[in-house]
Amino acid sequence: MKFTEINLHENIQEGLDAIGFEKASPVQEFAIPLILEGKDIIASAQTGTGKTAAFLLPVMDKIMRSKRDGIQAIVIAPTRELAIQIDQNLEGFSYFTEVGSIAVYGGGDGKPFTQEKNALTRGTDVVICTPGRMISHLAGGYVNCDSITTLILDEADRMLDMGFFADIMKIISYLPKERQTLLFSATMPVKIRQLANQIQNKPETINIAVSKPPESIRQGAYSVYNNQKSGLIKQILKEKNLQTVVIFCSSKISTKELARELKRAKFSADEIHSDLDQLQRKEVLQKFRSRKINIIVATDILSRGIDIDNIDMVINYDVPHDAEDYVHRIGRTARAAAKGEAYTLIIPKEQHKFQSIEDLLGTTVEKLDVPEEFGETPKYEPDKQKKFSKFRKKRPDKNRNNRRKSGNNQNKKPSNQRKRKHFKPSEKNKK
Ligand code: ADP
Ligand code: MG
């Protein structure tokens, strides 16, 4: 659905045009009209699906139509980074409007506190805050909350995980009972529903579920050791000889290393990750679209929102962190009913992660044989690996604590060395 089909104030629409938001994401499409109607909502959708605009746009719209004075909306967020980010988003959307905002968060020195205090005393349309800091201001008695009509909790699940329940309730005790309350969350555990029961009035639920990958994608997976990965990828690339291939890596480091290795092996490849600025990324995409290069090695920044069609093949160099990422990544192929292929490389310690992706997808992905010349490969036994990885998980955490406390770096060295050894391509595969 296009934003122009949603009845937002023309000055907000102008801001959306300016930043290039054209189509509403699913959570925006469902949430915005309900919020404009004045309903309470609980919305859950995966990170990166546009929840911020889903609440900011209708709330700004409400504010512009009401022409009231004083604070009209309060957004509570778990961290200062998020509060700042939401505030920056609002500044973008409100560029052609008179809607004002302030981010209120802890961690600064005394001066910003007085600045915040002055702004809060004057009153501004939208206050975006972290819980602790807001309570300090509220306790000061100079914040007039009577004009507040909307409360938004962003990343509610994370706030509860961080133990902010009491703080949230404390803030709410200062707010008018008659208000619209909007709850946004990446996940929807039971405790979120319990919170909703306490602070909302007949909320509408929006749940954007994991979508399933299209049937037209051929999916496969290889169980390999780390040092077999890049060799196998080169083999697949050579064999298939496809026009457009995207290889996803979970880290920037492995993205760069693999891109370097492919270039060295004379593949027509380039890379996309967060070390490149917007313009550089655009250039790489442009070269890819015009077929000047055939292969992009990328981190997850490419898996969402960026429109490149007709990718022949996606390779997951690492197992994605969750099923939704997997779907997003492989969904880059087989657009518009074309056929696509998607392969995932699974190292032993990621087997259980891949199994949980299969669980969520409700299917198993075919495990393919690695060519014999690569030598012995690990068996795919996620159930065994799961026990093993649970056991292993505990220890590094402990070490990290020790390290921080004692300033003793001894533990650091071996673990770094271990990592480097993993990444080193084996001599055999280098050829
Ligand atoms: P979430 O809160 O769900 O994790 P965000 O609101 O932070 O997601 O949005 C993720 C990214 O997507 C941001 O960079 C945002 O600018 C962009 N985005 C959100 N909605 C749209 C849209 N309708 N069109 C284009 N980009 C969008
Ligand atoms: Mg968000």
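Read on for a plain summary of the structure. (Residues numbered from 1 in each chain as written. Chains lettered and ligands numbered in written order. Predicted model: local features only at pLDDT ≥ 70, side-chain atom pairs only at ≥ 80, totals over all residues. Heavy atoms only, no water.)

### Side note on helix α4 (residues 80-93)
Let me state the cut-off plainly: A run of DSSP states H or I qualifies as a helix once it reaches four residues; a run of E qualifies as a strand once it reaches two. Both are numbered from the N-terminal end. Multiplying one less than the number of residues by 1.5 Å gives the expected span of a helix. Per-residue accessibility, obtained with a 1.4 Å probe over protein chains only, is compared with the maximum for each type, and a residue is labelled buried under 20%, exposed over 50%, and partly exposed between these values. Taken from the helix axis, the directions to the C-beta atoms give the arc we talk about. Throughout, a residue-residue contact means that at least one pair of heavy atoms, one from each residue, lies within 4.5 Å.
The end-to-end C-alpha distance of α4, which contains 14 residues, comes to 20 Å, matching closely the 20 Å that a straight helix rising 1.5 Å per residue would cover. All of the buried residues along α4 are Leu82, Ala83, Ile86, Asp87, Leu90 and Phe93. Buried residues of α4, seen end-on, are gathered within an arc of 135° and therefore sit on one face of the element. Looking at the buried side of α4, the elements it contacts are α1 (10-19), α3 (51-66), β2 (73-76), β3 (101-104) and β4 (126-129).

### Some words on the site of ligand 1
The following threshold applies: If a single non-hydrogen atom of a residue is within 4 Å of a molecule or strand, that residue counts as near it. Contacts described as polar in this section are N or O atom pairs within 3.5 Å, which, within protein, must combine one atom able to donate a hydrogen with one able to accept it, while residues neighboring in sequence count only if both atoms come from side chains. For every accessible area listed, the method is Shrake-Rupley and the probe measures 1.4 Å; residues are considered covered only by the protein chains on display. Residue polarity follows a fixed list, in which Ala, Val, Leu, Ile, Met, Phe, Trp, Tyr, Cys and Pro are nonpolar, Asp, Glu, Lys and Arg are charged, and the others, Gly among them, are polar.
Close to ligand 1 lie 13 residues; Lys23, Gln28, Gly48, Lys51 and Thr52 are nearest. At 2.6 Å from an oxygen atom of ligand 1 is found a side-chain nitrogen or oxygen belonging to Thr52. With the chains in place, 66% of the 560 Å² that ligand 1 exposes on its own is no longer accessible. Among the residues forming the shell around ligand 1, the class breakdown is 2 nonpolar, 9 polar and 2 charged.

### Regarding the sheet that holds β2
Put simply, the rule reads: Two strands qualify as a pair provided that DSSP identifies no fewer than 2 bridges between them. Axis angles are defined between N-to-C directions and span 0 to 180 degrees, where every axis is a line fitted to C-alpha atoms and, for a helix, only to the segment in contact.
The strand order across the open sheet built from 7 strands is β3-β4-β2-β5-β6-β1-β7, with neighbouring strands paired in parallel fashion. Edge positions in the sheet fall to β3 and β7 (204-207), since each of these pairs with one other strand and no more. Each strand axis lies, on average, 15° off the axis of its neighbour in the sheet, ignoring direction. Examined bridge by bridge, β2 and strand β5 (residues 150-153) share 4 bridges and lie parallel to one another. Bridging from a neighbouring strand, Val75 pairs with Ile152 of β5.

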